[in-house]
Amino acid sequence: MYLDRFSFYQDRVAVNFLAKDPENAKNVVDAMEGNAVIGLLSKNFATMTEAVEMAKKYLKKIPVLSIGLGAGDPKQWSIVADIAAELDPGHVNQVYTAAGYTVGLLKGKGCDHTFVNALISPTGTIGKVKISTGAESNKMTEVLADIDTAVMMLKEVGVQSIKFFNMAGLKHIEELKAVAESCVRMGMPVLEPTGGIGLENIREIVKVCMDAGCPKVIPHVYSSAIDKKTGLTEIQIVRQIYEEIKKI
């Protein structure tokens, strides 16, 4: 039910893009033949009310909205959860420590069409991930966990997706492979690689996830697709990203 408003290319891949405004968002989704999710970053708004009102405008143009932190800022975790609970937008980006809370909040509010990811980070060691990604815990001694345990801890509380941040280009591709394989073993339905993804590496990143057998993959392509002068996500780049995915 939580994926009923989503569209995935070949039932496997959708891409998360940003958009400057609702019209740009619609053009991006159309260019991806519906196989896209548009991110709205809570950090860009002064108040929750302002964010909710803008989100409503987006949802008049597109079927799904991804409520994001903004540069992975863990201090945004609470407002992200509250915005999502107000809107049932389809998708929520969350830090590891707040993901279970957000799932419970959405369930309590009757938001049956939205799923939550949880942010884990690479450590430089294959098979180990950083789970201390919360607002305060991320400043303290890093907590590293076995990837299978980290994924299962999230699955136990109803989280449906792993967000792996930061890819830093292809620096952590082998770690991503281990995460993807763990998601398959643990029955985690969605994997979302993000951070430093663009035309030059999206095919390899998505292919690693596909080869591992991930049911659904949502790579995030943000700044690399945005025109720095206009702030618009460039439709030509979106189309090129789509072609790269089709090649897999």
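Before going into details, it helps to say that this report is about the structure given with it.

What counts, and at which threshold
- Residues numbered from 1 in each chain as written.
- Predicted model: local features only at pLDDT ≥ 70, side-chain atom pairs only at ≥ 80, totals over all residues.
- Heavy atoms only, no water.
- Helix = DSSP H or I, 4+ residues; strand = E, 2+ residues; numbered from the N terminus.
- Expected span 1.5 Å × (residues − 1).
- Contact = heavy atoms within 4.5 Å.
- Axes fitted to C-alpha atoms, helices over the stretch in contact; angles between N-to-C directions.
- Parallel < 35°, antiparallel > 145°, perpendicular 65-115°, else oblique.
- Left-handed = near helix turned anticlockwise from the far one by under 90°.
- Nonpolar A, V, L, I, M, F, W, Y, C, P; charged D, E, K, R; others polar.
- Core = buried A, V, L, I, M, F, W, Y, C linked by side-chain atoms within 4.5 Å.
- Buried < 20%, exposed > 50% of the residue type's maximum accessible area, 1.4 Å probe, protein only.
- Salt bridge = Lys/Arg side-chain N within 4 Å of Asp/Glu carboxyl O.

This next bit is on helix α6 (residues 173-186). The end-to-end C-alpha separation of α6 is 20 Å, in line with the 20 Å expected for 14 residues at 1.5 Å each. Check the buried side of α6 and you find it contacts β5 (115-122), β6 (128-130), α5 (147-156), β8 (161-165), β9 (190-194) and α7 (202-212).

Before going further, it helps to examine the packing of helix α2 (residues 48-59) against helix α3 (residues 77-87). Closest axis-to-axis distance for the α2/α3 pair is 10 Å, and the angle between their directions is 45°. Comparing the axis directions of α2 and α3 gives the class oblique. Crossing hand, α2 versus α3: right-handed. On the side of α2, the interface is formed by Met48, Ala51, Val52, Ala55 and Lys56, while α3 contributes Ile79, Asp82, Ile83, Glu86 and Leu87. Along the lines of polarity and charge, the residues of the contact of α2 with α3 split into seven nonpolar, no polar and three charged.

Next up on the list: the nonpolar core. Phe17, Ile38, Ile120, Ile162, Leu176, Val179 and Leu191 are the most contacted members of the largest nonpolar core, which totals 76 residues. Among the elements that take part in this core, α3 stands out by supplying seven residues, more than any other. Those residues in contact with isoleucine 162 that lie beyond four places of it in its chain are Ala118, Ile120, Val151, Leu154, Val179, Cys183, Met188, Val190, Leu191 and Glu192. Grouped together as the second largest cluster of nonpolar side chains are eight residues, Phe6, Val37, Val64 and Val190 included.

The next thing to look at is the pattern of salt bridges. A full pass over the atoms with the stated rule returns 13 salt bridges. The salt bridge involving lysine 61 is made with glutamate 23; its shortest N-O contact spans 3.1 Å. Residue lysine 61 is found in the loop between α2 and β3 (65-68), and its partner glutamate 23 is found in helix α1 (residues 22-31); the two are separated by 38 residues along the sequence. Its relative accessible area of 40% is what places lysine 61 among the partly exposed residues. On the accessibility criterion, glutamate 23 (38% relative accessible area) is partly exposed. In this structure, lysine 75 engages aspartate 73 in a salt bridge whose closest nitrogen and oxygen atoms are separated by 3.4 Å. Accessibility expressed as a relative area gives 8% for aspartate 73, which makes it buried. Salt bridges sharing common partners tie together Lys43, Asp73 and Lys75.

Any functional reading would require information beyond the geometric quantities listed.
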